[in-house]
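Read off the chains here:
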Amino acid sequence: MNFDLAYMLEIIPELLVYIPITLYLAIVSMIIAVAIGVVLSLLLVNKTPVLLQLSKLYISFFRGTPVLVQLLMIYFGLPQLFPWLNSLSAVNAAIIAFSLNTSAYLAEIFRAALMSVDKGQTEAAISTGLTYRQAVWGIVLPQAVRNAVPATGNMFIGLIKNSSLAFTIGVTELLAQGKLLATATLQFFEAYLAVGIIYWGMTIIYSWVQRWYEARINRPYEV
């Protein structure tokens, strides 16, 4: 068995340097995706005919096609149609692709979270003198957020891993650096195992944070 543990441990510090760009791609994409997802979920719930169909088309396309295809279309395809996009950087293209893809999934998560809150609570709040907006912000949204957190957190974990696809358009992130090291030394297993362990570590740390946050927001509902 030809496995160089010393080499794998040696390159881990060099790979850790690329965690910031990986997290940058994931966090910025997630923030944008949440904003888009919220808008889409409201359109789905309100059911305005034209906007509803456009929202469903958007969700269907970005959920029904591979994120890698979307990434390549945005970075290589859009400049062909719109020459002014030739200046679009690989990092920004990756963020756009990841944001659009993730928002399609988040829209359904947020829609389900909103629908999970009994409409009777809104009606009861209005009957006590609250406005519709106060009822939504004070009663519906806190419960919807609580219900959406687990699935949204899982989407963020997926986004951290999907950020590795950015290397296909030239972004030097964690996987890209691992690939460079593997190619230079021909020690592929050690390099990719090191990359995998780092991704694994990031997801474990985030899972701990998410469990702490879920316990915190669930506290008022404990019996």
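Details of the structure are given in the entry above.
Counting restarts for each chain, with residues numbered from 1 along the sequence as it is written. Thresholds applied to this predicted model are a pLDDT of at least 70 for local features of residues and 80 or more for the giving and counting of side-chain atom pairs; totals over whole chains, interfaces and linings are not thresholded and use all residues. The side-chain quantities take in all heavy atoms of the structure and omit both hydrogens and water.

Undergrad: What is the right way to read the side chain of E214 from this model?
TA: Mapping E214 onto the fold places it in helix 9 (residues 188-218). Exposure classes here rest on a 1.4 Å probe applied to the protein chains alone. A residue is buried below 20% of its type maximum, exposed above 50%, and partly exposed in between. Two residue types count as positive, namely Lys and Arg, and two as negative, namely Asp and Glu; His and chain ends fall outside the count. Any carboxyl oxygen of Asp or Glu within 4 Å of a side-chain nitrogen of Lys or Arg constitutes a salt bridge here. The buried charged residue E214 lacks any salt bridge partner; its closest oppositely charged side chain belongs to R211, at an N-O distance of 7.8 Å. In this structure, E214 is in contact with V149 and P150, ignoring residues within four places of it in sequence. Going along the chain from the N terminus, every DSSP run of H or I of four or more residues is numbered as a helix, and every run of E of two or more is numbered as a strand. A contact between two residues is defined here by any heavy atoms of the two lying within 4.5 Å.

Undergrad: Teacher, can you tell me more about the packing of aromatic side chains here?
TA: Centre distance and the angle of the planes are the two values used to describe a pair of aromatic rings. By convention, a stacked pair of Phe, Tyr or Trp rings (six-membered ring in the case of Trp) has centres within 6.5 Å and planes under 30 degrees apart, an edge-to-face pair has planes over 60 apart, and any other such pair is tilted. Counted according to the given criterion, the structure contains 7 aromatic pairs. For the pair F156 and Y206, a centre-to-centre distance of 4.9 Å together with 55 degrees between the ring planes defines the contact as tilted. Of the two residues, F156 is situated in helix 7 (residues 132-162) and Y206 in helix 9; the sequence distance between them amounts to 50 residues. By relative accessible area, Y206 is classed as partly exposed at 21%. Of the aromatic side chains, those joined through ring pairs into one cluster are Y58, F61 and F62.

Undergrad: Explain the layout of surface pockets to me, please; I cannot follow it from the model alone.
TA: We place a 1 Å grid over just the protein atoms. Points where a 1.4 Å probe fits but has no way out form a cavity, open points with protein on both sides within 12 Å along at least 5 of 7 lines form a pocket, and any residue with an atom within 4 Å of a point lines it. Grid points are joined across faces, edges and corners, and a volume is the space filled by probe spheres set on the points. By volume, the largest pocket is sized at about 940 Å³. Forming the walls of the largest pocket are 31 residues, and the residues nearest its centre are F110, L114, V140, L141 and A144. When residues of the lining of the largest pocket are traced back to their parent elements, those giving at least two are helix 2 (19-46), helix 5 (90-115), helix 6 (119-127), helix 7 and helix 9. In terms of residue count, the dominant contributor to the lining of the largest pocket is helix 7 (11 residues).

Undergrad: When you look at unusual backbone geometry in this model, what are you seeing that I'm missing?
TA: Backbone phi values are negative for most residues with the exception of glycine, while trans is the configuration of most peptide bonds. In this structure, L186 is a non-glycine residue whose phi angle is positive, near 65 degrees. One can find L186 in the loop between helix 8 (174-185) and helix 9. Accessibility expressed as a relative area gives 61% for L186, which makes it exposed.

Undergrad: Would you mind showing me how to read the environment of E190 here?
TA: Residue placement: E190 occurs in helix 9. With 130 residues separating them along the chain, E190 and S60 place their C-alpha atoms 39 Å apart. Aside from chain neighbours lying at most four places away, what touches E190 is N2, F3, D4, Y7, M8 and I11.

Undergrad: Looking at this structure, I do not really get a nonpolar patch on the surface. What am I missing?
TA: Two distance rules govern patches: like charges are joined within 9 Å, and nonpolar side chains (Val, Leu, Ile, Met, Phe, Trp, Tyr) within 5 Å, applied only to residues with over 30% relative accessible area and no salt bridge. Accessible surface is estimated by sampling points in the Shrake-Rupley manner with a 1.4 Å probe; for residues, cover comes only from the protein chains shown. Taken together, the side chains of V145, I205, W208, V209, W212 and Y213 define a hydrophobic patch exposed on the protein surface, amounting to about 650 Å² of accessible area. Among the elements that take part in the nonpolar patch, helix 9 stands out by supplying 5 residues, more than any other. Considering the arrangement of structural elements, one finds W212 in helix 9.

Undergrad: Would you mind going over the packing of helix 1 (residues 5-16) against helix 9 with me for this structure?
TA: What describes two packed helices is the angle between their axes and the distance between those same axes. The axes are straight lines fitted to the C-alpha atoms, using for helices just the contacting stretch, and the angles between their N-to-C directions are given from 0 to 180°. Running from N to C, helix 1 and helix 9 point in directions that differ by 50 degrees, and their axes come no closer than 9 Å. Accordingly, the angle class assigned to the pair helix 1 and helix 9 is oblique. Here the hand of the crossing between helix 1 and helix 9 comes out right-handed. Counted together, Y7, M8, I11, I12, L15 and L16 of helix 1 and E190, A191, L193, A194, V195, I197 and I198 of helix 9 form the full contact between these two elements. When residues are sorted by character, Ala, Val, Leu, Ile, Met, Phe, Trp, Tyr, Cys and Pro go into the nonpolar class, Asp, Glu, Lys and Arg into the charged class, and all the rest, Gly among them, into the polar class. Tallied by class, residues from the contact of helix 1 with helix 9 come to 12 nonpolar, no polar and 1 charged. The scheme is simple: roughly parallel for angles under 35 degrees, roughly antiparallel for over 145, roughly perpendicular for 65 to 115, oblique for anything else. Each crossing is labelled by how the near helix is turned from the far one, with a counterclockwise turn of less than a right angle marking it left-handed and a clockwise turn marking it right-handed.

Remember, this is a structural readout, not a statement about activity or role.
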